[in-house]
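Next come the chains, spelled out residue by residue.
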Amino acid sequence: MIFRILKNDLKRKKTMNVILFLFIILATMFVSSGINNVATIMNGTDYYLDKANIGDFIIITMGDNAVGSLDEMLKQETAIKDYRKECVVFGAQDNITTEDGSSVKCKNSTIYQSIKTSVINFFDRENKKITNIDPGHVYVSGEFMKENGFKEGDIICFEHSGLKMSFILDGTAKDALLGSEFMGNTRFILNDKDMQKLFKNEVIYDHYRGEICYIDTDDLQAMKSAMTNVSNVAFDGTRSTIKMCYVMDMILAFIVLILSVCLIVVSFVVLKFSITFTIMEEFREIGVMKAIGLSNMKIRSLYIIKYLTLAVIGSAIGFLASIPFGHLLLDSASKKMVLGNDNAIFMNLLGSVLVVCVIVLFAYLCTNKVKKSSPVDAIRNGQTGERYRNKSVLRIHQCPANNAFFMALNDILSHPKRFMSIMLSFGICTLFVLIMVNTTATMKSPNLISTLGKESHLYVTDVADVMNYMNTGSKEGMKKQLEKMANELEADGMPAELCIELQYKYPMTFNGNKYVLSCQQGLNTRMTDYMYTDGVIPQNEYEVAITPQISEITGAKIGDTITIHYGEKDVDCMVTAYFQTMNLLGEVIRLHEDAPTDFRNISTAMSYQIDFTDNPSQEEIETRKEKIKKLYNNDKVMNATEYCIDCTGVVDALESIQILLLGITLIVVVLVTILMERSFIANEKSQIAILKAIGFKDSMIMKWHVYRFGLVAFIAVAIAAILSVPMTDFCITPIFAMMGATDIQYNIDPLQILLLYPSIVLIMTVFVAWMTSIYTKTIKSSDATNVE
Amino acid sequence: MTAVLEVKDLCKTYVINKRQNNVLKNVNFSIENGEMVAIMGPSGSGKSTLLYAVSGMDSVTSGKVMFNNKDITKLKSNELAELRLNEMGFIFQQMYMMKNLTILDNVILPAIESKKTSESKKEKINRGEELMRKLGIIEVADNDINEVSGGQLQRACICRSMINKPKVLFADEPTGALNRAASHEVMEELIKLNEEGTTIMMVTHDAKVAAKCSRVLYIVDGNIKGEYKSPLDVQEKDRERILNNWLMELGW
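As the structure is a prediction and not an experimental result, all values here were calculated from the model. (Residues numbered from 1 in each chain as written. Chains lettered and ligands numbered in written order. Predicted model: local features only at pLDDT ≥ 70, side-chain atom pairs only at ≥ 80, totals over all residues.)

(A) Summary view of the overall build of chain B. The helix and strand tally for chain B stands at 8 helices and 10 strands. Radius of gyration (C-alpha) of chain B: 18 Å, near the 18 Å computed for a compact globule of 252 residues. Seen through its C-alpha atoms, chain B measures out along the principal axes to roughly 50 × 45 × 40 Å. Counting across all 252 residues of chain B, residues that qualify as buried make up 50%. The contacts in chain B between residues at least 6 apart in sequence include a share of 69% that link residues at least 24 apart. (Helix = DSSP H or I, 4+ residues; strand = E, 2+ residues; numbered from the N terminus. Rg over C-alpha atoms; globule rule 2.2 N^0.38 Å. Buried ≥ 20, exposed ≤ 12 C-beta atoms within 10 Å, placed from the backbone. Contact = placed C-beta atoms within 7 Å.)

Structure, rendered in structure tokens:
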């Protein structure tokens, strides 16, 4: 009997059942893919680094005498459980050209290595391990192919220290060590035969050879201390440092995670509404069943079986749809990483089962009223008559607008709970879009420049030139180079001062503990050129500023004295200030310009910074930028904003996530609007018919429906716009803090936040509500008599 | 007297499960200005279909419906809506109203929508209150629709139907869902409106209600089988008896 009632119910209330069924499919799709994404992202970097076999401690040595002291340390250090080592060759951007001789862009120095001798795993675009590369072919890490517009099969030419070769590009390799934005070196992975050709070149072998060593250890502190005995270290860091280098990629992944959670919340809110709404419609029938003597449990089980049937079928379809949908979301976040988990299908299945359970639970809770109400109450659609507050909130005379607007506003005020679910869905999605817009706008602004270094008019990145000085030059040589460039610019009518930020690796001691830390010192800069968050600006070489990250690592605070070992000279330096920087994720000490640094300990040099002395206008700066590009035949001449974008390197990805987020928001808006409005129309059929019968035109009825959704969307986007500023600070500042910057001035564009994006959501809502409201035309005035 | 409503060769056919069902077959009649006409007939005879067809709420298969000398079968849906809003009033057996509005707001809703007069919103609200006072339901003006009795709700529906001062009031079994006392109250109001000059066309099953009308059309199988004119010079009780006799002759 129950199944016969169920079958008839499914048939008779087709519209509402179809709407609910679609909601279940969507909810399952969102929840299943969301749970899988959450699990995947939470294990994201660990999963990737494990798959790549990175180890616990990584050392990169480069240049003359790079090989030797490392081997000695590896032999002697007892904390090392195991280690893997690979030989590489270092190069620069100008070693590579296109087939027709045009220059290409590479990030930082380039590294060449054989796939055969590689001790870590590289992955292709499909996340498959790269095991073989043919002679004359190459895989490249990072954004090299994308940035230079290369396709698979394109040819690049290589020339290094007189050795000329050409390679066919096989594709992009996911490189766990160097593929992140913060490491950002371009690694070319070659066949072993090609690599041997490089090693046979004497200049390359003597001056550009290096080693990358991956160490398994449990004692990281011992490793850090042991590093004081290794020379020519370009980089040394722990697994957690490498993980932190993926912070930008993880931001994207976490945005996908937040988005997934948001979709899960939206799904459940909408599901709860739909089930409550459909069961409310059933109350008259429930009353009849109670009146003829069916037990409460039987009546409830009837509805629970109905929703269970819909849930099981809907979840099965939703489960299938969740797999490609989840991949779509993850793909946008994992261009540089291999994200995944070994239980993906199980996670999706778990999500589907969860949706079924939640639906049954909702159905059980919603039918609770069956138990409480008498047959007559139920027949009266659940109204007991004991109501002391009028349902109608607004009166016509209080509303200056037309009937359609009045009715829409009155509906919202009379049933705030019903519309709250729509508002929540629209509001949450819009809020995330706006947070992304604020983040992207900040990343695309010069607001972050103080966290990267001194603010200048222009930045010239010439890795080859800088590397040359790093390997063979001196501080004096670099100073002369800056002077030479300043003279060249002046001769070209662009009087300027030039400076450069240099990073050194120096051992230091505090409280008896030894550390090897990065120290940043400007050449031709003053300490007053930088921003400090606390304390007094260092006045001489015996004073330094540190970041909160360094303070956390060493325990040193303002007023403490640390000992920096500058080669033969040890200098006691007082910490006088804190500053924030995103360089090396904030693990940096700022040295006074007089500190006795030496190029033998240099690890990185940043860009040449140009400060024009004749106060040019912004337009003039842009003109000069183009002139300098031609003058030095270098495309990497940037203003402050472009430099920030180049350094953080995630603006493109953030923008694509922003578009994806907007797209998903619009999809949610479209689906929720269509499904909710169709539910309302089905519920209000008699009222629509009666309005038509008493002479209301179709257009007025459509306006009533459109205003309702328009108003709800307007309130939702307005609240989202207002909340977007504090929420950006709340959600994004901790992410910047992970990168080393705690005090961020967000770039809020009122036009985008208050007008552009809210309008897009609003216009889409109004358009879809209008399209859906056309359905009301099918309801005839004579239907007033046919409705139950 | 002039005919406010003239129906010529009206046919209405439904196709259900590929079977043609001729509900109205060449119906002809007219209603004079100020008349109160009842449509009677057995269930399924086409009474309500006739009411909806002549009021423009439902389409017709063929024939003409002249309302104030205008063929409403030729009007577009917006023109028909305009006509229903300003020139016609409707009362249904079930007291359908907008669920989220108070009784008064339901009553004045068509007046606010109408551009027939240049009255202000306040004047329209006053008119609605006046109508409700006249029909004795002013005390429930601010109540929700489920906080009043069936009789009060039907009187509110009458107020709504009268708010734009229609030429013709169409009523589909207006007392069908009411008890005897409420039914009597509603009919009294309709008679008063008719006496004030409103033309009324009403579908009813109740001979007692029909006896209060000046004319009764008896419809069977989509055809008008007989027409009864109420004698004006007899008492109400006798009028009901005479009508019952006439109906029995027709097989009621």
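(B) View of the domain arrangement of chain A. Residues and elements named next belong to chain A. Each domain of chain A was delimited in the assignment, giving domain 1 (1-53 + 248-383), domain 2 (84-216), domain 3 (393-447 + 648-788) and domain 4 (458-638). Between domain 1 and domain 2, the residue contacts involve 11 residues of the former and 9 residues of the latter. Listed by contribution, the elements that provide at least two residues to the side of domain 1 that touches domain 2 are helix 3 (44-52) and helix 10 (247-281). (Domains from an automatic or database assignment.)

(C) Summary view of the packing of helix 25 (residues 698-739) of chain A against helix 26 (residues 750-773) of chain A. All names here are of chain A. At their nearest, the axes of helix 25 and helix 26 sit 9 Å apart, and the two run at 160 degrees to each other. As the angle between them shows, helix 25 and helix 26 are arranged roughly antiparallel. Considering how the two elements wind past one another, helix 25 and helix 26 form a crossing that is right-handed. Two secondary-structure elements touch here, helix 25 through Met702, His705, Val706, Phe709, Gly710, Ala713, Phe714, Val717, Ala721 and Ser724 and helix 26 through Ile753, Leu754, Pro758, Val761, Leu762, Thr765, Val766, Ala769, Trp770 and Ser773. Partitioned by chemical class, the residues of the contact of helix 25 with helix 26 number 15 nonpolar, 5 polar and no charged. (Axes fitted to C-alpha atoms, helices over the stretch in contact; angles between N-to-C directions. Parallel < 35°, antiparallel > 145°, perpendicular 65-115°, else oblique. Left-handed = near helix turned anticlockwise from the far one by under 90°. Nonpolar A, V, L, I, M, F, W, Y, C, P; charged D, E, K, R; others polar.)

(D) Seen up close, the domain arrangement of chain B. Residues and elements named next belong to chain B. If you check the domain split of chain B, you get domain 1 (3-87 + 167-249) and domain 2 (98-165). The distance between the C-alpha centroids of domain 1 and domain 2 comes to 24 Å. Each side of the interface is counted separately: domain 1 has 11 residues, and domain 2 has 13 residues. When residues in the side of domain 1 that touches domain 2 are grouped by element, the largest group, 5 residues, is from helix 6 (residues 180-195). For the side of domain 1 that touches domain 2, a count of residues per class yields 8 nonpolar, 1 polar and 2 charged.

(E) Main features of the interface of chain B and chain A. Across the boundary between the two partners, chain B contributes 31 residues, which contact 26 residues of chain A. Within the residue set of the side of chain B that touches chain A, elements represented by two or more residues are helix 1 (47-54), helix 2 (77-86), helix 3 (103-113) and helix 4 (121-134) of chain B. Sort the elements by how many residues they give to the side of chain B that touches chain A and helix 2 of chain B lands first, with 7 residues. When its residues are assigned to classes, the side of chain B that touches chain A shows 14 nonpolar, 7 polar and 10 charged.

(F) Just the sheet that holds strand 6 (residues 88-91) of chain B, in detail. All names here are of chain B. On the basis of which strands lie adjacent, the open sheet formed by 6 strands has the order 6-7-8-3-9-10 and mixed pairing. Sheet topology places strand 6 and strand 10 (223-229) at the edges, where each strand pairs with a single neighbour. Across the sheet, the mean angle separating the axes of adjacent strands is 20 degrees when strand polarity is ignored. Note: strand 6 against strand 7 (residues 168-172), 4 bridges, orientation parallel. In the strand pairing of strand 7, Met88 is matched with Val168. Its contacts with the sheet place helix 1 against strand 3 (36-40), strand 7, strand 8 (199-203) and strand 9 (215-220), and it is angled at close to 145 degrees to strand 8. Against the sheet, helix 5 (residues 150-162) contacts strand 6 and strand 7, and its axis sits at roughly 165 degrees relative to strand 6. (Pairing = 2+ DSSP bridges.)

(G) Region of the structure containing helix 25 of chain A. Residues and elements named next belong to chain A. If you check helix 25, its first and last C-alpha atoms are 57 Å apart, about what 42 residues at 1.5 Å a residue would give, namely 62 Å. Maximum bend of helix 25: about 45 degrees, positioned at Ser724, with proline Pro726 one to four residues after it. Just downstream of helix 25 lies Gly740, where phi reads positive at about 115 degrees. (Expected span 1.5 Å × (residues − 1). Bend = angle between axes of the 7 residues up to and from the residue.)

(H) Expanded view of helix 19 (residues 475-491) of chain A. Compared with an ideal rise of 1.5 Å per residue, which puts 17 residues at 24 Å, helix 19 of chain A spans 24 Å between its outermost C-alpha atoms and is within 8% of the ideal. Two residues or fewer past helix 19 of chain A, Gly493 of chain A is found with a positive phi of approximately 80 degrees.

(I) Main features of the environment of Gly55 of chain A. Residue and element names in this part refer to chain A. In this structure, Gly55 sits in the loop between helix 3 and strand 1 (57-62). Note on Gly55: 22 C-beta atoms within 10 Å, which makes it buried. Spatially, the C-alpha atoms of Gly55 and Ile120 are 9.2 Å apart, while their sequence positions differ by 65 residues. Filtering out sequence-adjacent residues up to four positions away, Gly55 remains in contact with Arg84, Tyr214, Ile215, Asp216 and Arg239.

(J) Focus on the sheet that holds strand 4 (residues 62-67) of chain B. Residue and element names in this part refer to chain B. Read across the sheet, 4 strands follow the order 2-1-4-5 without closing on themselves; strand pairing throughout is antiparallel. In this open sheet, the two edge strands, each paired with only one partner strand, are strand 2 (19-32) and strand 5 (70-71). Pairing geometry for strand 1 (residues 3-16) and strand 4, over 5 bridges, is antiparallel. Residue Lys8 lies in a different strand from strand 4, and its bridge partner there is Lys64.

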